[in-house]
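Chain by chain, the residues:
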Amino acid sequence: MKKLYFITGSQDLYGEETLRQVAADSKEMAEFLDSRLKSVKVEFQPIVRNSDEAEDVCIKAVADKECIGVITWMHTFSPAKMWIRGLQALRKPMLHLHTQANEKLPYGSIDMDFMNLNQSAHGDREFGFICTRLNVKREVVVGYYRDPDVIAKIERFARVAAALDYSRGMRVAMFGNNMRDVAVTDGDRVESEIRYGWNVNYYGIGDLTDIADGVTESEINEKMSDYADKYDMATDKTDSVKEQARYQVAIEKFLKNERIAAFTDTFQDLHGLKQLPGLAVQDIMAKGVGFGPEGDYKTSALMAVMCKMAEGAYGATAFMEDYTYDLTRGSEKELAAHMLEVSPVFAANKPKIEVHPLGIGGKEAPARLVFDGIEGDAIAVSMVDMGTHFRLICAKIKLIKQPEPMPKLPVARLMWELIPDFRTGAAAWIYAGGAHHAVVSTALTVQDIKMFAKFTDTELIVIDENTRVD
């Protein structure tokens, strides 16, 4: 399990007895947080008293591959100039915890010794200033460290820090390039690696077909048995389903061999494949692997990162596409779907395996999962390349039950309402340059995306109940 360093600031001014108490309190806090956080370990670090110790612990955090971030807290006053070199060296996410070892003041016995020991109100403001002066990106959490809401905020930071750690060095495969003449799915892959750590590379579809040709009947049958356990077989065209099973076995072998966390394909580059991967991709997405259609590597990588961020949180996270509207005035709704690739994590009912013609790509009718979508509060997040920088657009949406059956629609789908209202939400998204591809999540919130944007220095536009187009 990854870990956060718990770093406490003080100084030599108050003497050894005070420093021993600072260390004891800090260790108790670190152990308490370690016992409460689900996603990470919290590791106590020796008290920082001077510039050399501040620099040493920050360099140690950077060098420790198991450390995904740091929690800092000033128990006493800790002169901020001593933190400059350390903060300049720190390249891991930081949470500044503004708290105290004591919840209540001992009104009847409080004296200057107590004041000097427990002066986070003093020390954290000093530390906060130097962080702001140095433009250190950090998350500030305020409150008594044992309070449930404080622990929940630290847990959110830990999940985002884990996603950032996962993002660095993440490998993304593009089978083919992005769809011809499409603009919004394209992007600067070199800048993606510089900013987010995404190593994005092209692979010929032949690399996949070679593996698919070597898949055995026993491997296919094993995958078919897995499908039967999870889904309803609503077709007698089992050969088409077996073809998808072949693709899934091949894709999963490729992902494992190449250490790939996210991938794309395109219906314009399917040489050697009989079908566009549909059911295969849907089942793989349900395992948290990132996917983007038509060569959309940014959405693919973003999905993988957001799935990592959502680990341990209740809800569903996956790629989605804007498709069509119900424009009934006053009750406008969006129907979101894709040609094939909608993750079953969004299924409100047991998905059915069906086989239908695709209509584009010139290949055989592919097997796919068909289902109605879940309900609940969610966010839709799009990443676009503005030429000079990347931009994230994060919109609050409300997933709803589809008002009527859609028996002739041969794909899985979600329906949602835009926030604050249809016209404002749609116009704001279009003004912001949001793509028709996004990552939808009922597990994450705007706050998670804000934190990710902050630590990656990415421009963020939020569309929520406070949004006004003007």
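Residues numbered from 1 in each chain as written. Predicted model: local features only at pLDDT ≥ 70, side-chain atom pairs only at ≥ 80, totals over all residues. Heavy atoms only, no water.

Participant: Could you clarify how one ought to interpret the packing of aromatic side chains in this entry?
Facilitator: Two measures describe an aromatic ring pair: the distance that separates the ring centres and the angle between the ring planes. Summed over the entire model, instances satisfying the criterion amount to 15 aromatic pairs. Note on Phe 291 and Phe 319: the rings are 6.2 Å apart at their centroids and 80° apart in plane angle, and the pair reads as edge-to-face. Residue Phe 291 is located in strand 10 (residues 290-292), and its partner Phe 319 is located in strand 11 (residues 317-326); the two are separated by 28 residues in the primary sequence. A residue is classified by how much of its surface remains accessible, and Phe 319, at 0% relative accessible area, is buried. Counting every residue linked through ring pairs, the aromatic cluster contains Phe 175, Tyr 203, Phe 254, Phe 263, Phe 291 and Phe 319. Between Arg 146 and the ring centre of Phe 32, over which it is positioned, the NZ or CZ distance is 4.2 Å. If you follow Lys 298 out to its NZ or CZ, it ends over the ring of Tyr 297, 5.7 Å from the centre. (Phe/Tyr/Trp six-rings, centres within 6.5 Å; stacked < 30°, edge-to-face > 60°. Helix = DSSP H or I, 4+ residues; strand = E, 2+ residues; numbered from the N terminus. Buried < 20%, exposed > 50% of the residue type's maximum accessible area, 1.4 Å probe, protein only. Lys NZ or Arg CZ within 6 Å of the ring centre and 35° of its normal.)

Participant: Any chance you could explain the pattern of salt bridges here in plain terms?
Facilitator: If the charged atoms of two oppositely charged side chains come close together, the side chains can form a pair. Within this structure, the stated rule accounts for 27 salt bridges. Ionic pairing is found between Lys 253 and Glu 219, a salt bridge with its closest N-O pair at 2.8 Å. Placement of the pair is Lys 253 in helix 10 (residues 238-258) and Glu 219 in helix 9 (residues 217-230), with a sequence separation of 34 residues. (Salt bridge = Lys/Arg side-chain N within 4 Å of Asp/Glu carboxyl O.)

Participant: Is there a simple way to think about unusual backbone geometry in this case?
Facilitator: Trans peptide bonds make up the majority, and among non-glycine residues the majority have a negative phi. With an omega of 5°, the peptide bond running from Ile 419 to Pro 420 counts as cis. One can find Pro 420 in the loop between strand 17 (413-418) and helix 13 (422-432). Positive phi outside glycine occurs at Asn 135, with the angle close to 60°. By the element assignment, Asn 135 lies in the loop between helix 5 (120-133) and strand 5 (138-142). Its relative accessible area of 53% is what places Asn 135 among the exposed residues. You will see that Asp 457, though not glycine, has its phi angle at about 55°, which is positive. As for its placement among the helices and strands, Asp 457 is situated in the loop between helix 14 (446-456) and strand 19 (459-463).

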